[in-house]
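# Fold and contact review
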Amino acid sequence: MKIAIIGAGYVGLTSAAVFAKLGHTVWAVDNNEDKIRLLQKGNVPFFEPKLPELVKKNVKTGRLIPTSDYSAAVKESDVVFICVGTPMLAGGEADLSQVFAAAKQMAKYLNNGVVVVNKSTVPVGTTEKVREIIRKNSKINFDVASCPEFLREGHAVENTLNPERIVVGVDSKRAKKILAKLHEKLPGERVITDIRTAEMVKYASNAFLATKISFINEIANLCEELGANVSDVALGMGLDSRIGKAFLHAGIGYGGSCFPKDTRALHSIAFSHNYDFKLLKAVIEINQLQRKKFLEKVKKSLGNLKGKKIGVLGLAFKNNTDDIRESAAIEIIELLMKEGASVTAYDPKAIANAKRAVSGLRTGAKPEDVAKDASAILILTEWTEFAKLNWKSVKTAMKRPLILDGRNLLNPEKMRKMGFEYVGIGTK
Ligand code: NAD
Ligand code: UGA
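From a predicted model like this one, the values you see are computed outputs, not experimental measurements.

## Describing the overall build of the chain
Counting secondary structure elements, the chain contains 17 helices and 14 strands. Per-residue burial for the chain yields a buried fraction of 53% across its 428 residues. Here the contacts in the chain between residues at least 6 apart in sequence split such that 72% fall between residues at least 24 apart. Taken as a whole, the chain presents about 19,700 Å² of accessible surface, with 53% of it coming from carbon and sulfur. Within the chain, the 46 negative side-chain charges are centred at a point lying 2 Å from the centre of the 65 positive side-chain charges.

In structure tokens:
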């Protein structure tokens, strides 16, 4: 099949590369020309494991064609995907301007019989608005559909090649048939439903996962009061298959380009329909408090932060990515700096992005660099390599051997045996 994918970010580029690998001809369209120039040379402008190999190979064979030219991409395509950003507006609602702009830009080039599929995360009813925009700007026969995306950054390629489920929202037999054919080589359960329901599945999934995280963070806070251990509580709960082990890792709260914005967007959708979504409101508040609570722990251990040297391990919103959007680490560092602390940070992939976001941020070239004369080391991102550090030599370099582990990455007993003061989340 011939496919055009509008928006060559984490979602669009990964889908484009995977569809190309499956044998389709795919145009990856982006209005960021710098990005397209890099992609045309086979280079990926962000860090995502396994994606560069896939992009390079398929650009070389000509099955993946990066371009900023809508007309070349769209005029031959049987299916056009919208994968542009839907960031958060100041009031919490989703900003749909990129989605509507993409619909308008593609309209005059679309083929008769094309299926326009929205993959961006959007409020219920948005795909119908996309249909209206295309209708106003084109005379062709076409269908619209919703295929929400569930990949996780850091695992984008494997998630796209091995999805647990593919949700397809359609309102015509033609779209249903074409999308079944398009996805036929991919594994996973199929959920074929109407367009509005498919749009809702996406927000409900992210809101539920965020709820699990806020729930376990509240249990962690209680564990601290009661002398229990949240990691074992999570294991004891998670082994019940009705609950499941995933997304029960307590920490400094969820971040990233998705959970914070999607929970806020769903809450504001409910609000605009006069529905008070009390549970989701609490999930959002708990997440904000969890970051502040961690800062309070730092202050409790160190007293006044003015002039104190603090080492930070981790800047990305989670491991295996260079993405710092809504990263809890960045917010905590900014709060520490505001209180006068002298912060040196390290991250395996996110230093360049963090330096652009936090002016005056001092960084180390390797993790051990943050330890020199530090009164504490904070672990703010769950990179597994931090667990494998030579902690004995880190301790020697520190002024005070204090670790505040915001991700429960280290073994408290082991660290204490080594002579560290160790403060985790939801542990004694
Ligand atoms: P992104 O910011 O990485 O990429 C979006 C791309 O769209 C950018 O490269 C931008 O230049 C391009 N773009 C914007 N307007 C355009 C236009 N009119 N024409 C052509 N290109 C345009 O975003 P992303 O992380 O890939 O997310 C895209 C959507 O998918 C969002 O709605 C997001 O919520 C959703 N989503 C993201 C993930 C994820 O893990 N990142 C997972 C599932 C769903
Ligand atoms: C998330 C979802 O997991 C994807 O299914 C979804 O497609 C995507 O959002 C999206 O809609 O864009 P992602 O944001 O890449 O994916 O990252 P996650 O791995 O879900 O982690 C999100 C945040 O929660 C991170 O800050 C992570 O550290 C935190 N987290 C995760 C916890 O604090 N505890 C956990 O148990 C799991």
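Continuing now.
## Considerations on the site of ligand 1
For ligand 1, the set of nearby residues contains 27 residues, the closest of which are D30, K35, Y70, T86 and K261. Considered on its own, ligand 1 offers 840 Å² of accessible surface; in the complex 90% of this is hidden by protein. When contributions to the shell around ligand 1 are tallied by element, the ones reaching two or more residues are α1 (10–21) and α5 (97–107). Ranked by residue count, the leading element in the shell around ligand 1 is α5, at three residues. Each residue belonging to the shell around ligand 1 can be placed in one class, and the counts come to 10 nonpolar, 10 polar and seven charged.

## Describing the sheet that holds strand β8 (residues 189–193)
Judged by pairing direction, the sheet is mixed, and its eight strands sit side by side in the order β3-β2-β1-β4-β5-β6-β7-β8 without closing on themselves. The sheet terminates laterally at β3 (64–67) and β8, the two strands that pair on one side only. Sheet twist, expressed as the mean angle between neighbouring strand axes with direction ignored, is 20 degrees. Pairing between strand β6 (residues 142–146) and strand β7 (residues 165–170): two bridges, direction antiparallel. Residue pairing in the sheet places A145 in a bridge with V170 of β7. Here α5 sits on the sheet in contact with β1 (2–6), β4 (79–82) and β5 (114–118), set at roughly 155 degrees to β4. The sheet strands contacting helix α6 (residues 126–137) are β4, β5 and β6, and the helix crosses β6 at an angle near 155 degrees.

## A closer look at the site of ligand 2
What surrounds ligand 2 is a group of 20 residues, the closest being L151, K202, N206, C258 and F317. For ligand 2, an oxygen atom lies 2.8 Å from a polar atom in the backbone of E153. Protein chains bury 91% of the 710 Å² of accessible surface belonging to ligand 2 in isolation. Counting residues per element, the ones that place at least two in the shell around ligand 2 are α9 (195–226) and α11 (259–272). With three residues, α9 is the largest single contributor of residues to the shell around ligand 2. Of the residues that constitute the shell around ligand 2, the class distribution is nine nonpolar, three polar and eight charged.

Scoring rules and cut-offs
Residues numbered from 1 in each chain as written. Chains lettered and ligands numbered in written order. Predicted model: local features only at pLDDT ≥ 70, side-chain atom pairs only at ≥ 80, totals over all residues. Heavy atoms only, no water. Helix = DSSP H or I, 4+ residues; strand = E, 2+ residues; numbered from the N terminus. Buried < 20%, exposed > 50% of the residue type's maximum accessible area, 1.4 Å probe, protein only. Contact = heavy atoms within 4.5 Å. Areas by Shrake-Rupley, 256 points an atom, 1.4 Å probe, with all protein chains shown as cover. Lys, Arg positive; Asp, Glu negative; His and termini not counted. Charge placed at Lys NZ, Arg CZ, Asp CG, Glu CD. Near = heavy atom within 4 Å. Nonpolar A, V, L, I, M, F, W, Y, C, P; charged D, E, K, R; others polar. Pairing = 2+ DSSP bridges. Axes fitted to C-alpha atoms, helices over the stretch in contact; angles between N-to-C directions. Polar contact = N/O pair within 3.5 Å; in protein donor to acceptor, adjacent residues only side chain to side chain.

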